[in-house]
Amino acid sequence: GALVMTKDQMPAVMEEYCRCQSSNDKDGWLALFAKDAVRDDPVAARRSKGIAELSDFWDWFAPRRIRTRLTGPIMVSGNEAIVFMSAEWGAMMRE
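Residues numbered from 1 in each chain as written. Predicted model: local features only at pLDDT ≥ 70, side-chain atom pairs only at ≥ 80, totals over all residues. Heavy atoms only, no water.

**Q** Would you explain unusual backbone geometry in this entry?
**A** A positive phi is found at Asn 24, a non-glycine position, where the angle reads about 60°. The residue Asn 24 is located in the loop between helix H1 (10-22) and helix H2 (26-31) in this model. (Helix = DSSP H or I, 4+ residues; strand = E, 2+ residues; numbered from the N terminus.)

If you want it as structure tokens, here you go:
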């Protein structure tokens, strides 16, 4: 069956998601997803299905040196979440 996180687990998972992106930890980032995960980023524009496509997505965006952080509450409904984040990349990043 599908792995469903509880509302209480989601903040820690999303913090780890941001940590992995910000520290260029592809393996850690991929480990956050179920084997059959579907990820829309941005919504309705780029869909990744399964670990292989998520890995391809990582390879596309990782060279941009993206740092992300949570900026607002996480809204969870069933096995989906809306997460408010900010992102900095390349020359925009503050050291």
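Next comes the rest of the write-up.
**Q** Please explain the packing of aromatic side chains as it appears in this structure.
**A** Two aromatic rings are characterised by how far apart their centres lie and by the angle between their planes. Tallied over the full model, the rule gives nine aromatic pairs. A ring pair is formed by Trp 29 and Phe 57, whose centres lie 6.3 Å apart and whose planes are at 20°; its orientation type is stacked. In this pair, Trp 29 is assigned in helix H2 and Phe 57 in helix H3 (residues 50-61), connecting sequence segments 28 residues apart. Between Trp 29 and Phe 61, the ring centres sit 5.8 Å apart and the planes meet at 70°, which makes this aromatic pair edge-to-face. In this pair, Trp 29 is assigned in helix H2 and Phe 61 in helix H3, connecting sequence segments 32 residues apart. The burial state of Trp 29 is the same as that of Phe 61; both residues are buried. In textbook terms, an aromatic cluster arises when at least three aromatic residues are bridged by ring pairs, as seen for Tyr 17, Trp 29, Phe 33, Phe 57, Trp 58, Trp 60 and Phe 61. (Phe/Tyr/Trp six-rings, centres within 6.5 Å; stacked < 30°, edge-to-face > 60°. Buried < 20%, exposed > 50% of the residue type's maximum accessible area, 1.4 Å probe, protein only.)

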